[in-house]
2 protein chains.
Amino acid sequence: MPTCPLCTPEHETILWQDTNCRIILVPDVHYGGFCRVIWKVHVKEMSDLGAKQRQHFMAVVFGVEEVLRETLRPDKINLASLGNQVPHLHWHVIPRFADDAHFPDPIWATAQRTGQTHAVDPVVLMQRLSMRLGEPLQG
Amino acid sequence: MPTCPLCTPEHETILWQDTNCRIILVPDVHYGGFCRVIWKVHVKEMSDLGAKQRQHFMAVVFGVEEVLRETLRPDKINLASLGNQVPHLHWHVIPRFADDAHFPDPIWATAQRTGQTHAVDPVVLMQRLSMRLGEPLQG
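Residues numbered from 1 in each chain as written. Chains lettered and ligands numbered in written order. Predicted model: local features only at pLDDT ≥ 70, side-chain atom pairs only at ≥ 80, totals over all residues. Heavy atoms only, no water.

**So, the interface of chain A and chain B**
Line of reasoning, step 1. If you look at the interface, chain A gives 33 residues, while chain B gives 33 residues.
Line of reasoning, step 2. For the pairing of chain A and chain B, the buried interface totals around 3000 Å² over both sides, and the portion due to carbon and sulfur atoms is 50%.
Line of reasoning, step 3. Looking at the side of chain A facing chain B, the largest losses of area belong to Phe62, Lys76 and Asn84 of chain A, adding up to 21% of the total buried there.
Line of reasoning, step 4. Summed over the shared surface of chain A and chain B, the number is 4 salt bridges.
Line of reasoning, step 5. In this structure, the salt-bridge partner of Glu45 of chain B is Lys76 of chain A, at a minimum N-O distance of 2.7 Å.
Line of reasoning, step 6. If you look at where chain A meets chain B, you find 29 residue pairs in polar contact (both at pLDDT 80 or more).
Line of reasoning, step 7. The set of elements that each furnish at least two residues to the side of chain A that touches chain B consists of helix H1 (51–72), strand S4 (76–81) and strand S5 (90–96) of chain A.
Line of reasoning, step 8. Of the residues in the side of chain A that touches chain B, the class split is 14 nonpolar, 8 polar and 11 charged. (Contact = heavy atoms within 4.5 Å. Buried area = accessible area lost by both parts, 1.4 Å probe. Salt bridge = Lys/Arg side-chain N within 4 Å of Asp/Glu carboxyl O. Polar contact = N/O pair within 3.5 Å; in protein donor to acceptor, adjacent residues only side chain to side chain. Helix = DSSP H or I, 4+ residues; strand = E, 2+ residues; numbered from the N terminus. Nonpolar A, V, L, I, M, F, W, Y, C, P; charged D, E, K, R; others polar.)

In structure tokens form, the structure reads like this:
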């Protein structure tokens, strides 16, 4: 899909990838460890994937959750597949903290405070994702 | 957890359940087919479950997605596990329409319009969930 920003990405920080999906670090000033897991093929809904593909995709999403928990010790992990604006399957994996800008509301609600950003080193995430999920596909 | 509203629920419309989880219809005036899949045991994060439990939970979530798609033909399905307010695992499965109150934003953002409600008959959902997921546990 030439008009889809997830089919023709620009300036992504890719933390890990295999042939099916890639994990990127979301450039969000409020949420340091916010990751996105993107299915490489332009597919709209989880139920458009086969059972094995769904299972693989979720295993990667839960791997990101585990790495963010061990790296950042957040108060909660938020997972969401929305895609109303970009109907190309992607999962938001968001480490949440009691002192972040929106807690305890979802990050899409009105901010409650300026909020603390909990920074994370992308290289550490890359290393831990490789340990958890296996060596990434290069390129 | 006696203080947890998902451990001691009141006035739930249960559409389907097994020994591990239950599916309820969320009483949301804007979102007729909004379902929630609740893990019965008080567990905080998906990565606190074992791999088989996670897989079962997600299979139920994707079953709800399929039933909502065939019943309501929404423009998009939104899936989310947040739990900042109630840290007891539950998945939101939300059928979204271009003319609903928040589209294309998430339902937690500021409403953009009054919005159309796309009503659904709970009995139809119950029947289709049983066909998709198997006979529900009674009680």
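**Re the relation of the copies chain A and chain B**
Line of reasoning, step 1. By a simple turn and slide, chain A fits onto chain B: the slide is 0.0 Å along the axis, the RMSD is 0.0 Å, and the turn is 180°. Taken together, the turn and the small shift mark the pair as related by a two-fold rotation axis.
Line of reasoning, step 2. Of the interface residues in chain A, 100% have counterparts in chain B that sit at the interface too, so the contact is made through matching surfaces. (Least-squares fit on C-alpha atoms with pLDDT ≥ 70 in both.)

**Some words on the state of the cysteines**
Residues and elements named next belong to chain A.
Line of reasoning, step 1. Inspection of the entire model under this criterion finds 0 disulfides over all chains.
Line of reasoning, step 2. Cys7 provides the cysteine sulfur closest to Cys4, a residue in no disulfide bond, and the two sulfurs are 3.8 Å apart.
Line of reasoning, step 3. In this structure Cys21 is a free cysteine whose sulfur lies 13 Å from that of Cys35, the closest cysteine sulfur available. (Disulfide = S-S within 2.5 Å.)

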